[in-house]
Amino acid sequence: MSQDYAERLAAIARDDAAEWRGLKLPARLRLSKACQHLRKTGELNRSDICRIGEVSSAQAAKDLAEIRARAPWVMQYDPVGRCYRVKAVA
């Protein structure tokens, strides 16, 4: 992982990241915590967001979609592991 990518990943894990502008505070906090988890463990799935944000599975799925839409560079789906992993950078 390049230094620049690591810095971008660390920045998105903050609730005041530019990617989260326009969202209400609870959503910003939930998405930033999800990105913190992704950064720490290298993977993220719906159940992680349910646990982190104390939200339903449907809301967690929407949150994953929101992360993918606002920061497509941060993660990619791993069909074998059935989770999202930190996106590999060349």
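Residues numbered from 1 in each chain as written. Predicted model: local features only at pLDDT ≥ 70, side-chain atom pairs only at ≥ 80, totals over all residues. Heavy atoms only, no water.

1. Structural notes on unusual backbone geometry
Note the cut-off: Note on classification: 1.4 Å probe, protein chains only; a residue is buried when its accessible area is under 20% of the maximum for its type, exposed when over 50%, partly exposed between these limits.
A positive phi angle, close to 50°, is found at Glu 54, a residue other than glycine. Judged by relative accessible area, which is 74%, Glu 54 ranks as exposed. Positive phi outside glycine occurs at Arg 82, with the angle close to 50°. With relative accessibility at 65%, the residue Arg 82 sits in the exposed group.

2. A closer look at the packing of helix 3 (residues 46-53) against helix 4 (residues 57-70)
What counts, and what does not: Inter-axis angles, ranging from 0 to 180 degrees, are taken between N-to-C directions of lines fitted to C-alpha atoms, where helices are fitted over the stretch in contact. The helix and strand labels rest on DSSP assignments: H or I over at least four residues marks a helix, E over at least two residues marks a strand, and numbering proceeds from the N terminus. Angles below 35 degrees are treated as roughly parallel, those above 145 as roughly antiparallel, those between 65 and 115 as roughly perpendicular, and all remaining angles as oblique. The criterion used for residue contact is that any of the two residues' heavy atoms lie within 4.5 Å. Residues are grouped as follows: nonpolar covers Ala, Val, Leu, Ile, Met, Phe, Trp, Tyr, Cys and Pro; charged covers Asp, Glu, Lys and Arg; every other residue, Gly included, is treated as polar.
The contact between helix 3 and helix 4 brings their axes to 8 Å, and the two run at 110°. Considered as vectors, helix 3 and helix 4 are oriented roughly perpendicular to each other. Side by side, helix 3 and helix 4 meet where Arg 46, Ile 49 and Cys 50 of the first sit next to Ser 57, Ala 60, Ala 61, Asp 63 and Leu 64 of the second. Tallied by class, the residues present in the contact of helix 3 with helix 4 amount to five nonpolar, one polar and two charged.

3. Some remarks on the pairing of strand 3 (residues 83-86)
To keep it simple, the criterion reads: We call two strands paired when DSSP finds no fewer than two bridges between them.
By the bridge criterion, two bridges tie strand 1 (residues 43-44) to strand 3 in an arrangement that is antiparallel. Residue pairing across strands places Leu 44 opposite Tyr 84, the latter belonging to strand 3. Bridging between strand 2 (residues 75-78) and strand 3 involves four bridges; their strand directions are antiparallel. Each residue of the ladder has a partner; that of Tyr 77, found in strand 3, is Tyr 84. In this antiparallel pair of consecutive strands, strand 2 and strand 3, the connection spans four residues, and Arg 82 shows a positive phi of 50°.

On their own, these measurements won't tell you what the molecule is for.
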